[in-house]
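Structural characterization, general
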Amino acid sequence: MDEQLLVEGCKRAESWAYKQIYEQYAPVMLSICMRYVNDRSTAKDIMHDGFIKVFFKIGQYAGKGSFEGWLKRVFITTALEYLRTKENGKVLFGKEYEDVPQEFDAGIVEKLSADELLACIGQLPKGYRTVFNLFAIEGYSHKEIAGMLDIQESTSKTQFIRAKAQLQKIITQLTANDDRGR
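Residues numbered from 1 in each chain as written. Predicted model: local features only at pLDDT ≥ 70, side-chain atom pairs only at ≥ 80, totals over all residues. Heavy atoms only, no water.

What follows is about the confidence of the model for the protein chain. Should pLDDT be low for a region, the predicted coordinates there are not to be read in detail. For the protein chain, the average pLDDT comes to 85, and 84% of its residues sit at 70 or higher. At the low end of the mean pLDDT range in the protein chain sits helix α5 (residues 107-110), at 68; at the high end sits helix α3 (residues 40-57), at 95. Note on residues 96-102: pLDDT is under 50 here. Beyond four places in sequence and across chains, it has 14 contacts. (pLDDT = per-residue confidence, 0-100. Helix = DSSP H or I, 4+ residues; strand = E, 2+ residues; numbered from the N terminus. Contact = heavy atoms within 4.5 Å.)

And the structure:
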């Protein structure tokens, strides 16, 4: 169904439009929430909160840019708000990480399924995972991330570097346990 019709239906508070938007976008929005909290039950709660915000704020969508992009921003913001609330106002940022292997075969990543890669990302500490998702997956700049998380831009950059190093270690361990790394 045409997005514009759905948006207009939601602006008129028509239940068929709410239902259609939910059914059409719930899987994608749940996967976004999962990237930030790595717990399906909590991610579903965040997703439901996100849809409530979408339906209350649908009037703010001006039709400029993609509707799905607007939805994603609402859900990312909702997930970040959850993390801040849960952590008493700040997303926790890990300061330490173990040494990672110096040599890494980047081709190993290509052998992982999307689910396996997301599971590896889910093993990162919250701060690393949050910055990694915002920068590498969502495409925000470190300056934007700093503003979103109320941190220094240099902290965002450091967290991303550490996230990549930790992710490399996780992937190396995973592939060492099967035939992919050979």
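Apart from glycine, the bulk of residues carry a negative phi angle, and the bulk of peptide bonds sit in the trans form. Here the phi dihedral of Asn 38 falls at roughly 55°; this positive angle occurs in a residue that is not glycine. Inspection of the secondary structure assignment puts Asn 38 in the loop between α2 (15-37) and α3. Overall, Asn 38 belongs to the partly exposed group, its relative accessible area being 38%. One non-glycine residue, Asp 150, lies in the positive phi region at around 55°. Take Asp 150: it is sitting in the loop between α8 (142-149) and α9 (153-176). When its relative accessible area of 58% is taken as the criterion, Asp 150 is described as exposed. (Buried < 20%, exposed > 50% of the residue type's maximum accessible area, 1.4 Å probe, protein only.)

With 12 residues, helix α7 (residues 126-137) extends 15 Å between its outermost C-alpha atoms, agreeing within 8% with the 16 Å of an ideal straight helix rising 1.5 Å per residue. Within the span of α7, buried status applies to Gly 127, Tyr 128, Arg 129, Thr 130, Val 131, Phe 132, Asn 133 and Leu 134. Those residues of α7 hidden inside the fold are in contact with α2, α4 (67-86), α6 (114-122), α8 and α9. One or two residues past the end of α7 sits Gly 139, with phi positive at roughly 85°. (Expected span 1.5 Å × (residues − 1).)

Of all hydrophobic cores here, the largest spans 48 residues; its most connected members are Phe 51, Phe 67 and Phe 75. Every element with two or more residues in this core is listed here: α1 (3-11), α2, α3, α4, α6, α7, α8 and α9. A per-element tally of this core places α2 first, with 10 residues. If near-sequence neighbours (up to four positions away) are discounted, Phe 67 is found in contact with Glu 3, Val 7, Ile 21, Tyr 25, Ile 58 and Tyr 61. (Core = buried A, V, L, I, M, F, W, Y, C linked by side-chain atoms within 4.5 Å.)

Right, let's get into the side chain of Arg 129. Note that Arg 129 resides in helix α7. Polar contacts involving the side chain of Arg 129 include one to the main-chain carbonyl oxygen of Gly 122, which spans 3.1 Å. Ignoring anything within four residues of it in the chain, the contact list for Arg 129 reads Arg 35, Tyr 36, Val 37, Asn 38, Ile 121, Gly 122 and Leu 124. (Polar contact = N/O pair within 3.5 Å; in protein donor to acceptor, adjacent residues only side chain to side chain.)

Per the stated rule, a full pass over the model turns up six salt bridges. Linking Glu 23 and Lys 19 is a salt bridge whose minimum nitrogen-to-oxygen distance equals 3.6 Å. In this pair, Glu 23 and Lys 19 both sit in helix α2, four residues apart, roughly one turn of the helix. Residue class for Glu 23 comes out partly exposed when judged on its relative accessible area of 47%. Exposure remark for Lys 19: the relative accessible area of 52% places this residue in the exposed category. (Salt bridge = Lys/Arg side-chain N within 4 Å of Asp/Glu carboxyl O.)

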